[in-house]
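Overview (structure and organization)
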Amino acid sequence: MQGLNQDLPLLLSSILEHGATTFGDVKVIGRYTGENINYDYARMEARARQLASALQRLGYGPNRFIGSLAWNTHRHLELFYAATGVGAALHTANPRLPPAQIAYAINFTGYQTLFVDTDTLTLAEQLAPQLDTVRRYVMMAPAGALPESTLPELLSYEDLLADGDAGFAWPVLDERAACLLCFTSGTTGVPKGALYSHRGTVLNALSTGGGNAWGLSADDAILAIPGFFHCNGWAVPFFGPMYGAKLVLPGRRADSAFLHSLIVEHGITVAPGVPTIFLDLLRHCQETGAGLGRLNRLFSGGTAPPLAMMEAYLRDHGVRTIHGWGMTETTSGATMSFAPHDLPADRALAAMRTQGKPVFGAAIRIVREDGTVLPRDAVTPGHLQVRGHWSAAGYFRRPEVEAMTEDGWLQTGDVATIDPDNTLHLVDRSKDVIKSGGEWISSQALEDAAARHPAVREAAVIAIPHPRWQERPLLIVVQAEPVTEQELLAHLADIVPKWWLPDRVLFVVELPHGPTGKLAKQELRHWLAEGRLNVAAGAP
Ligand code: ADP
């Protein structure tokens, strides 16, 4: 017997339509090169409809790709809805990646139209000779003369939009159709595409934006820091109109003085980002003595946030950290830590340190090498697998990559323990974990412990080969002030088991980072292999 509910597809266009009709006057603010935008969801939807009709006239609809190489602006947001609203899929290329990787992803996908903006035009010009299929570029800039450019065909976004039909109605699409394509950032190899569906993306935004997670409402103002090209900006483009939250778009800028001014001026209540951004912002507040206005929570993703940072935000600013775990393959978050407001600071921090619990719609488990499911006993580490409405079921045009288990779980490449109450503790990436005498040492836990020493600005731990133990940890440190190897080892001895203590500590001026601010450990391993890290001097 079937239920008697209306069978309406879950579509991205319905999110913007909801925002326009229900929260039509809620503000969307944009601050970027030469522009000062102040409009609302009603206006955004009207413009997105016009653009959608123009795209349809250009022949765009289901089974077609459109590309963007752009920062967090209101036009990029309109394009998210317009491209997906006509049934096409938007590939959001990441301008922070090395040009060869961007070209790889665009050529691999193969489409004709690429939307660029004022801050990516030069990059697009540089890339154009390497792009096999792109014939037409659309400049997302204010109306007026187009800049001089070497691009073959450059159209004006505002002209295209002005030609569109304001009476355009969003078509009814298949909710399982593809809508957005993001490539992994390549930290661990060649970028692979995650192709999201309307249904998965809507469910992801509904669940991660809700209670025990971001906890969004019309009382919130969100500062859109994560690039829209990175896991859909962690769903921020959908959160705004879905929950009636004000959105503030910073374009490409992420420097702390600028972000701070937006937070205070626009009453930001929640700021998502990676720990590096939050560390800079904290230092800015410490140096200037400035407060953080209405900000009451950070949403930290991408990598584990340092405990000392979360402690300082809570103590000095009353700002909690919601700590989420996810990957490109899980659309945005899958698990989130949630610390209720009335928890005492020590218990709140203990909760924030974990990667949290799965939100509704995502499930986690850990397995042994041979696939046997391991207990949720808080101590046994295993390979983390994830399943859910918005988790990838495979990689875009890469059927040979064995991402899935036979019983339908996605292998994440992470190692974790899980508590009996389903709280996730990420131990490490499988590739980074140090296997010493058959036991695992977490490079992330060692880095976190080292970073708690006031003389340490940043720390990285990688494995060095060892004749007896197979692998031993090597700690590489950027100093904030002078400190010796012995002092750091004594500090670590108070925090980690003795057999975890690094065999060597090396000091460097700077550590390599990937495009999303994560430590580039592969690069460090190259340094080691090439002899640029001099471990031999006094090796164990
Ligand atoms: P890439 O794999 O190219 O770095 P992703 O952005 O998809 O690109 O990275 C996902 C990975 O980032 C996860 O598999 C995990 O290793 C790491 N990660 C994400 N969130 C956290 C977190 N909260 N704590 C620790 N590691 C995290």
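Here, every reference points to the structure presented above.
This text gives an overview of the structure that appears in the document. (Residues numbered from 1 in each chain as written. Predicted model: local features only at pLDDT ≥ 70, side-chain atom pairs only at ≥ 80, totals over all residues. Heavy atoms only, no water.)

For the structure on display, the rule yields 16 aromatic pairs. Aromatic pair W214 and F239: ring centres 4.8 Å apart, planes at 55 degrees, arrangement tilted. Placement of W214 in the loop between α7 (198-209) and β10 (221-223) and of F239 in helix α9 (residues 236-243) is noted, with a sequence separation of 25 residues between them. The exposure class of W214 is buried, given its relative accessible area of 2%. Classification of F239 as buried rests on a relative accessible area of 0%. An aromatic cluster of three or more residues is present, and its members are F65, Y104, F108, F183 and F396. (Phe/Tyr/Trp six-rings, centres within 6.5 Å; stacked < 30°, edge-to-face > 60°. Helix = DSSP H or I, 4+ residues; strand = E, 2+ residues; numbered from the N terminus. Buried < 20%, exposed > 50% of the residue type's maximum accessible area, 1.4 Å probe, protein only.)

Here we come to the nonpolar core. Ranked by size, the top nonpolar core spans 114 residues in total, and within it L55, F115, W214, I222, F238, F239 and Y313 carry the most contacts. In terms of residue count, helix α2 (residues 41-57) provides more of this core than any other element does, seven residues in total. Ignoring sequence-local partners within four residues, the contact set of I222 consists of W214, L216, V236, F239, A245, K246, L247, V248, I268, V270 and P272. Core analysis: the second largest hydrophobic core is formed by 27 residues, A93, I106, A128 and F396 among them. (Core = buried A, V, L, I, M, F, W, Y, C linked by side-chain atoms within 4.5 Å. Contact = heavy atoms within 4.5 Å.)

Here we come to the packing of helix α12 (residues 307-317) against helix α13 (residues 345-353). Each pair of packed helices can be described by the angle between their axes along with the distance between the axes. Where α12 contacts α13, the two axes come as close as 10 Å, and the packing angle between them is 140 degrees. Viewed along their axes, α12 and α13 adopt a mutual orientation that is oblique. The two elements α12 and α13 meet at a crossing, and its hand is right-handed. Residues L307, M310, E311 and L314 of α12 lie in contact with α13, whose contacting residues are A345, A348, L349, M352 and R353. Classifying every residue of the contact of α12 with α13 gives seven nonpolar, no polar and two charged. (Axes fitted to C-alpha atoms, helices over the stretch in contact; angles between N-to-C directions. Parallel < 35°, antiparallel > 145°, perpendicular 65-115°, else oblique. Left-handed = near helix turned anticlockwise from the far one by under 90°. Nonpolar A, V, L, I, M, F, W, Y, C, P; charged D, E, K, R; others polar.)

Our focus in this paragraph is the sheet that holds strand β7 (residues 154-156). Spatially, seven strands are ordered β7-β6-β5-β3-β4-β8-β9 in an open sheet, and the strand pairing comes out mixed. Unpaired on one side and paired on the other, β7 and β9 (193-197) mark the two borders of the sheet. When strand polarity is set aside, the average angle formed by the axes of neighbouring strands in this sheet is 25 degrees. Summarising the sheet, strand β6 (residues 136-140) and β7 pair through three bridges and their orientation is parallel. The residue of β7 that forms the bridge with Y137 is L154. Contacts from helix α4 (residues 99-109) reach β3 (65-69), β4 (89-93), β5 (113-117) and β8 (178-183), with the element oriented near 165 degrees to β4. Against the sheet, α7 engages β8 and β9, with an angle of about 80 degrees to β9. (Pairing = 2+ DSSP bridges.)

Now for the pattern of salt bridges. Here the structure, examined in full by the defined rule, presents 24 salt bridges. Between R31 and E265 there is a salt bridge, with the nearest N and O atoms lying 3.9 Å from each other. A residue pair is termed long-range when its members are at least 10 positions apart, and R31 in strand β1 (residues 27-32) and E265 in helix α10 (residues 256-265) qualify at 234 residues. A salt bridge links R368 to D370, with the shortest nitrogen-to-oxygen separation between them at 3.8 Å. (Salt bridge = Lys/Arg side-chain N within 4 Å of Asp/Glu carboxyl O.)

What follows deals with α12. L307, M309, M310, A312, Y313 and L314 are the residues of α12 that are buried. Against the buried residues of α12 lie α11 (275-288), β13 (297-300), β14 (320-326), α13 and α14 (443-451). Residue G318 follows α12 closely and has a positive phi angle near 65 degrees.

The next thing to look at is the pairing of β1. Two faces, one strand: in a regular strand the side chains alternate between the faces of the sheet. Buried residues dominate β1, accounting for five of its six residues. As judged from the six bridges shared by β1 and strand β2 (residues 35-40), these two strands associate in the antiparallel manner. The partner of I29 across the bridge, within β2, is N38. The turn joining β1 and β2, which pair antiparallel and follow one another in sequence, is formed by two residues; a positive phi near 70 degrees is taken by G34. Pairing of β1 with strand β11 (residues 246-249), which is carried by three bridges, proceeds in the parallel orientation. Looking across to β11, one finds that I29 is bridged to V248.

Geometric descriptors of this kind do not, in isolation, establish any biological role.
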